[in-house]
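As a plain string of letters, each chain reads:
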Amino acid sequence: MARRQVGSTRRVGDGGSFPFAGALHSKSRSSPLLSICLVLVGACLLIGYAYSGPGLFKSIKEVSKVTGDYSCTSEVQRAVSVLKKAYGDGMRKVLHVGPETCSVVSTLLKEDETEAWGVEPYDIEDADSHCKGLVSKGLVRVADIKFPLPYRPKSFSLVIVSDALDYLSPKYLNKTVPELARVASDGVVLFAGLPGQQRAKIAELSKFGRPAKMRSASWWNRFFVQTSLEENEAASKKFEQAVSKGLYKPACQVFHLKPLH
């Protein structure tokens, strides 16, 4: 939550606040309309100053980095059409892994010729009836992804993971990411937070167990090399081409990996 800056805002009538404050006071007696116009002009100047360059206020993008309420899982739902262009038939059997997986599975099931399942790494006691219905049907299951997934190799054509790996230490990532690649036949799509952008809210720390660790693209690339995971260059290129057409603008890091055979 952004803190108010103490002492940075003073009333217009205070001495020394703005150079034209005295002009406003003197003109207000003879021309109220002129005073109103000057106030509006001053307000516009302040707003323009707030959103351009460094100064008293931060930009919207910078504020979003502080509040940290962005979700890569919600981004997955917006990227479905782009993923279909990148993977084609690879979207026929999809496994999503991450918090709020019920919403992703529901979105995927609306797509033609797409079957979808989900793994929720965290407790779903507060989930709605629709989510619990997906669990009862076996489409969503709750499982700790720090341990082997309960699926055979190549059980799914595509595995998508979001908002889950950012909460794991390298000790568990070394096991979890290759495990995701094991159960995929066409590839793995990894949505990860940008450094300084997303953070877990204080209320979520008890759920996730630790604050999110946002890692850079260079860190992830080194990790993929160390764990013998290769980039899916063909899918990555198609994805970037679809993005360039304005169908979707990524706000999270998106990595495309080959499956483990």
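Conventions used here
Residues numbered from 1 in each chain as written. Predicted model: local features only at pLDDT ≥ 70, side-chain atom pairs only at ≥ 80, totals over all residues. Heavy atoms only, no water. Helix = DSSP H or I, 4+ residues; strand = E, 2+ residues; numbered from the N terminus. Expected span 1.5 Å × (residues − 1). Buried < 20%, exposed > 50% of the residue type's maximum accessible area, 1.4 Å probe, protein only. Arc of directions from axis to C-beta. Contact = heavy atoms within 4.5 Å. Salt bridge = Lys/Arg side-chain N within 4 Å of Asp/Glu carboxyl O.

(A) Examining unusual backbone geometry more closely. With a phi angle near 60°, Glu100 is a residue other than glycine that sits in the positive phi range. A positive phi angle, close to 60°, is found at Ser228, a residue other than glycine. Within the secondary structure layout, Ser228 lies in the loop between α10 (217-226) and α11 (233-244).

(B) Structural context of α11. An ideal rise of 1.5 Å per residue puts 16 Å on 12 residues; α11 measures up with 16 Å between its terminal C-alpha atoms. Listed as buried for α11 are Ala235, Ser236, Phe239, Ala242 and Val243. Around the axis of α11, the buried residues are gathered within 125° of arc, so they sit on the same side. Exposed side chains of α11 directed beyond 90 degrees from the buried face belong to Glu233, Ala234, Lys237, Glu240 and Ser244. Its buried side turned inward, α11 meets α5 (80-87) and β6 (253-257). Immediately beyond the C-terminal end of α11, within one or two residues, lies Gly246, with a positive phi of roughly 80°.

(C) Local environment of the pattern of salt bridges. Tallying each qualifying case throughout the model produces 6 salt bridges. The partner of Lys84 in a salt bridge is Glu111, with the nearest N and O atoms 3.3 Å apart. Residue Lys84 is found in helix α5, and its partner Glu111 is found in the loop between α6 (101-109) and β2 (115-120); the two are separated by 27 residues along the sequence. For Lys84, a relative accessible area of 27% puts it in the partly exposed group. Where Arg182 meets Glu179, a salt bridge forms, and the shortest distance between an N and an O atom there is 2.6 Å. Of the two residues, Arg182 and Glu179 both sit in helix α8 (residues 170-182), 3 residues apart, roughly one turn of that helix.

(D) Main features of the environment of Trp219. With respect to the helices, strands and loops of the structure, Trp219 is situated in helix α10. By relative accessible area, Trp219 is classed as partly exposed at 23%. Excluding its chain neighbours within four sequence positions, the residues that come into contact with Trp219 are Pro170 and Leu173.

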